[in-house]
Amino acid sequence: MTIPNIVGAGLIVIGAGLGIGRIGGSAMDAIARQPEASGKIQTAMLIAAALIEGIGFAALFAA
Amino acid sequence: MHRINIVKLLSLLLLTVTFSVHAQDESQNDNHAENSHTVKDLKTEIKEYISHHLLDSHDFTLFSYTTVEGDHKYIGFPLPVILWDNGIKIFSSSKLHHGESVAELNGEYFSLYHNKIYKTDAEGTITFDNHQHPTNSKPLDFSLTKNVAFIILVGLFMLWMFNSMAKSYKKSTIPSGIGRFLEPIILYVRNDIAIPNIGEKHYKKYMSYLLTVFFFVWIINLLGLTPLGVNVTNNIAVTFALALITYLFTTFTANKNYWKHIFWMPGVPLPMKIILAPIELLGTFIKPFSLMIRLYANITAGHIVLMSIIGLMFIFKNWIGSPLSFGLAFALALLELLVAALQAYIFTMLSALYFGMAVEEHEHSEHH
């Protein structure tokens, strides 16, 4: 592993972490507003998080 | 009075512990200069062990050790090797001795190099080109490797499990035995994954695939966490096959609307239609591709991190490193239990989502 690779991998993790963090935070807000819709919100949250994670992993393999 | 004494005793104990750790650290630092190359060897050894664990193998090994004389001992059992090289050739992988000896079959010799079988001469010499790739001829390998064996075993296990469950429904509507555990999970897959994503009308024809893929990925992920060394879902070929099945199902069960939305998106201006068509077409390949990468990368990353943390124990070599690495590994293993189920759920969920897109009917599309 060279230094650009490591820096790139770090940037990917920061980006993916920020993205998934925002999704999780927004889902928390949404559940607090509408606790009765928590099931649907969780499902949507997991799908969005999984999509970001997929892109993150693809980028990690490229780095 | 007693309590104060205990507190004093505890703090004394803690102090001595801290000091002794310091002393140990320093003595290790002293040795560090001399031992630096043995430490490095250990690191590369751990790296090699991890990368070896991630590979498929031609035999099933529970554990291995090196004797004082330097011999490698393996505890496990061999699996059949099936090669296609101008005719079918079958022999036991015990002949290969984990790559340490050459297998002879009717005057032809095969040996193992980096877990791949090559045709060699009697001494097992492997020649290399400039890029360190072996130039020996490679027979087509249809061996029952560890991964294949476990896929078949899990398949048989699932057949037995669901058959016994189905039989128990003939006696009464309340399942007995393993069905009591499985029924809520199957209902969950139906009511919370299939029906919301695919719709009441079409979900039934996809249920068998969704249930199969859910339980297959889940069971095989869980097996990957046992010390058996099963790691089927961190083989990209396996996840590729699973994603390919999802892709084929989506493509061949898709209705007219699905293709219309790909090639001639309704409701957008003509230049946009032309731009969108190749992007949408590419999207149909990216969806199963991301399914493949996600499952593969999650499980591989989990295994690498878990084994690296266990490997820390052998690098630290003091008694504070071992509990630390053990504790971390334990916590991480619990997390991996969650990941095993979550990845099965995500795979099933996204498959259902793609199926839902394929059979979606846009009754309302004429109105806007």
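Let me begin by describing the structure that accompanies this report. (Residues numbered from 1 in each chain as written. Chains lettered and ligands numbered in written order. Predicted model: local features only at pLDDT ≥ 70, side-chain atom pairs only at ≥ 80, totals over all residues.)

### Describing the pairing of strand S3 (residues 80–84) of chain B
Residue and element names in this part refer to chain B.
Next, step 1: Because side chains alternate across S3, one face comprises the buried residues Val81 and Leu83, and the other comprises Pro80, Ile82 and Trp84, none of which is buried.
Next, step 2: Looking at chain direction, S3 and strand S4 (residues 88–92) are connected through 5 bridges and run antiparallel. Counterpart to leucine 83 in the pairing with S4 is lysine 89.
Next, step 3: If you look at the hairpin formed by S3 and S4, you'll find 3 residues sitting between the two strands, and asparagine 86 has a positive phi there, around 55°.
Next, step 4: Pairing of S3 with strand S8 (residues 140–141) involves 2 bridges; the strand directions are antiparallel. Looking at the pairing, leucine 83 lines up with aspartate 141 of S8. (Buried ≥ 20, exposed ≤ 12 C-beta atoms within 10 Å, placed from the backbone. Helix = DSSP H or I, 4+ residues; strand = E, 2+ residues; numbered from the N terminus. Pairing = 2+ DSSP bridges.)

### Some words on the packing of helix H5 (residues 236–253) of chain B against helix H7 (residues 270–316) of chain B
Residue and element names in this part refer to chain B.
Next, step 1: Axis separation between H5 and H7 bottoms out at 8 Å; the angle between their running directions is 150°. Crossing handedness for the pair H5 and H7: right-handed. For the pair formed by H5 and H7, the contact residues are Ile236, Thr239, Phe240, Ala243, Leu244, Thr246 and Tyr247 on the first element and Pro288, Phe289, Leu291, Met292, Leu295 and Tyr296 on the second.
Next, step 2: Taken together, the residues that form the contact of H5 with H7 break down as 11 nonpolar, 2 polar and no charged. (Axes fitted to C-alpha atoms, helices over the stretch in contact; angles between N-to-C directions. Left-handed = near helix turned anticlockwise from the far one by under 90°. Contact = placed C-beta atoms within 7 Å. Nonpolar A, V, L, I, M, F, W, Y, C, P; charged D, E, K, R; others polar.)

### Structural notes on the sheet that holds S8(B)
Next, step 1: Across the sheet, 3 strands lie side by side as S4-S3-S8 (chain B); this open sheet has antiparallel pairing. Every interior strand has two partners, whereas the edge strands, S4 and S8 of chain B, have only one.

### Regarding the environment of B:Ile236
Residue and element names in this part refer to chain B.
Next, step 1: With respect to the helices and strands, the residue isoleucine 236 is situated in helix H5.
Next, step 2: Considering only alpha carbons, one finds isoleucine 236 and isoleucine 195, 41 residues apart in sequence, at a separation of 30 Å.
Next, step 3: Excluding residues within four positions of it along the chain, isoleucine 236 makes contact with Met292 and Tyr296.

### So, helix H2 (residues 146–171) of chain B
Residue and element names in this part refer to chain B.
Next, step 1: With 26 residues, H2 extends 38 Å between its outermost C-alpha atoms, agreeing within 8% with the 38 Å of an ideal straight helix rising 1.5 Å per residue.
Next, step 2: Within the span of H2, buried status applies to Lys146, Asn147 and Phe150.
Next, step 3: In this structure, the buried residues of H2 make contact with strand S1 (59–66), helix H4 (204–224) and H5. (Expected span 1.5 Å × (residues − 1).)

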